[in-house]
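One-letter residues, chain by chain:
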Amino acid sequence: MASTAPKAPAEERQEPPEVVDRKAEVLANRIRTSKHLIVFTGAGISTSAGIPDFRGPQGVWTLRAQGRQPTGAVSTLQAIPTPTHMALVELQNRGILKYVISQNCDGLHRKSGILPDRISELHGNNNREYCKDCGKEYIRDFQAVASYEKTVHDHRTGRKCARCGGVLLDSIINFGEPLPAQALQLARDHAEKADICLVLGSSLTVSPANEIPGIVGYRRGTTLAICNLQDTALDGLADPRIYSRADELMARVMAKLDIPILPFILRRRLLVQMESAGDERQQLRINGVDVDGTPVSFLRSVKLDNNRRVARSEPFVINFRGAQDPGTELKLELEFMGHYGEPNLDITYEYGGEDDAQILYLLEYSPQTGEWKVNEQESVAAGDGAANDVVKRRARG
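Residues numbered from 1 in each chain as written. Predicted model: local features only at pLDDT ≥ 70, side-chain atom pairs only at ≥ 80, totals over all residues. Heavy atoms only, no water.

Participant: What am I meant to see in the sheet that holds strand E8 (residues 196–200) here?
Facilitator: Hydrogen bonds along the backbone pair up the strands of a sheet, which may run parallel or antiparallel. If you walk across this open sheet you meet the six strands as E3-E2-E1-E8-E9-E10, and the pairing is parallel. Looking at the sheet topology across the chains shown, the edges are occupied by strand E3 (119–121) and strand E10 (241–242). Pairing of strand E2 (residues 97–102) with E3, which is carried by three bridges, proceeds in the parallel orientation. Paired with Val100 across the bridge in E3 is Ile119. Those strands touched by helix H5 (residues 181–193) are strand E1 (37–41), E2 and E3, and its axis lies near 135° from that of E2. Along the sheet, helix H7 (residues 246–256) makes contact with E8, strand E9 (223–227) and E10, crossing E8 at roughly 140°. (Pairing = 2+ DSSP bridges. Helix = DSSP H or I, 4+ residues; strand = E, 2+ residues; numbered from the N terminus. Contact = heavy atoms within 4.5 Å. Axes fitted to C-alpha atoms, helices over the stretch in contact; angles between N-to-C directions.)

So this is what it looks like as structure tokens:
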């Protein structure tokens, strides 16, 4: 918080490129032989995306301590995951990185492709809310907080759970509030298993999260590596200790591992399902899901071709007065939130004749080219949010 940040920020150091390169070589060699690599991240990994840190010279709390307000910051909804984010995704996908522990609330880890069961977001996620009663989680392509005035410790978002009708709460952890127990325990469990903990972009100031790297650092035969421009309280345990921006270090580490850092692709998963509505009527349900079946909100509207009605709120449902014939093709126009300038996308749903059968569309959008790519997977039965029993795939560029 601002009261903990001095008006004069701690000194930042940047080691020469040749020193960073030498330390990157040491780190890459250890990663090659690692059995359980974990990464602990702070705000410093998102600064190159235009999101300010907290205690740096232009940090949010530093400026507030000086009586100033941050300017020119990029919205977390529009920020593109950095090369560091994408490097971690590639290490995860290759089985090298076992777990991420993050203090960041910007949602960029999840958006970049870190799997939900591979990360503890200890301080929450601006885009994630959950049901107070049943615990069901929801990922939103908007700030999952209340739109009305409330106290800082009132976490109600004003929305209701689609499963049980319970009150939805935001996931942000404010000062003085306990960290989420399960996420904290998973973080500690992975720290106990880790042979390498790499800290990226954190001054390790905020407790109790800052204690987790020490679990690794104090054990014999392990490596605690810290990359941060400012000093941290655990520097005496770190080897190597790198004074560098995270992107510069990770670009060098990945090059030495001979692993490319792929550009960010916005990936969306869309389920389309025909349902019986009684009296020979049917309805088409369209909704976003995460890889684990968690509902994801990323659409503004859905429009059926040659139909004047537009579904503008979740759940997106299109009603039919009579039963559709097997083989009927329905053209849907999808309108997105558009934080990356995503254009509308047309998809064609083919009704196979079986109610409740789901089709999963894997949507990939490149902010670099402005183009969508669609992969279609057909499943034979409805699951609890993710399409299973895939029997057919069709790619549409």
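Participant: Is there a simple way to explain the sheet that holds strand E15 (residues 310–311) in this structure?
Facilitator: Strands sit in the order E15-E14-E17-E18 across an open sheet of four strands; the sheet is antiparallel. The strands lining the two open edges of the sheet, one partner per strand, are E15 and strand E18 (345–350). Across six bridges, strand E17 (residues 329–336) lies against E18 in antiparallel orientation. When the sheet's bridge partners are listed, Glu333 is paired in E18 with Asp346.

Participant: Looking at this structure, how should I read unusual backbone geometry?
Facilitator: With the exception of glycine, the majority of residues adopt a negative phi angle, and the majority of peptide bonds are in the trans configuration. A cis amide bond, omega 0°, links Ser207 with the succeeding residue Pro208. Within the secondary structure, Pro208 is located in the loop between E8 and helix H6 (212–217). Between Asp239 and Pro240 the backbone carries a cis peptide bond, its omega angle lying at 10°. Tracing the sequence through the fold places Pro240 in the loop between E9 and E10.

Participant: Looking at this model, I keep getting lost on the pairing of strand E11 (residues 266–278). Mind explaining?
Facilitator: Regular strands show a simple pattern: their side chains alternate between the two faces of the sheet. Here eight bridges tie E11 to strand E19 (residues 358–366), and the two strands are oriented antiparallel to one another. Opposite Arg268, over in E19, you have Leu363 as the bridge partner. Of the strand pairs in this sheet, E11 and strand E12 (residues 281–289) are connected by nine bridges, and their pairing is antiparallel. Among the inter-strand pairings, Leu271 is bridged to a residue of E12, identified as Asn287. Hairpin connection of E11 to E12: two residues between the antiparallel strands, including Asp279 at a positive phi of 55°.

Participant: What am I meant to see in the packing of helix H1 (residues 17–32) against H7 here?
Facilitator: Here H1 crosses H7 at 50°, and the two axes come no closer than 8 Å. Judged by the inter-axis angle, H1 sits oblique to H7. Handedness of the H1/H7 crossing: right-handed. Residue-level inspection shows Pro17, Val20, Asp21, Ala24, Glu25, Leu27, Ala28, Ile31 and Arg32 of H1 in contact with H7, the latter providing Glu248, Leu249, Arg252, Val253 and Lys256. The class makeup of the residues in the contact of H1 with H7 is eight nonpolar, no polar and six charged. (Parallel < 35°, antiparallel > 145°, perpendicular 65-115°, else oblique. Left-handed = near helix turned anticlockwise from the far one by under 90°. Nonpolar A, V, L, I, M, F, W, Y, C, P; charged D, E, K, R; others polar.)

Participant: Please clarify how the pattern of salt bridges should be interpreted in this entry.
Facilitator: Opposite charge on two side chains lets them pair, provided their charged atoms get close. The tally for this structure, following the rule as stated, stands at 20 salt bridges. Residue Arg252 pairs with Glu248 through a salt bridge whose shortest N-O separation is 3.8 Å. Remark: Glu248 and Arg252 occur in helix H7; sequence separation between them is four residues, near one turn of the helix. Judged by relative accessible area, which is 23%, Arg252 ranks as partly exposed. (Salt bridge = Lys/Arg side-chain N within 4 Å of Asp/Glu carboxyl O. Buried < 20%, exposed > 50% of the residue type's maximum accessible area, 1.4 Å probe, protein only.)

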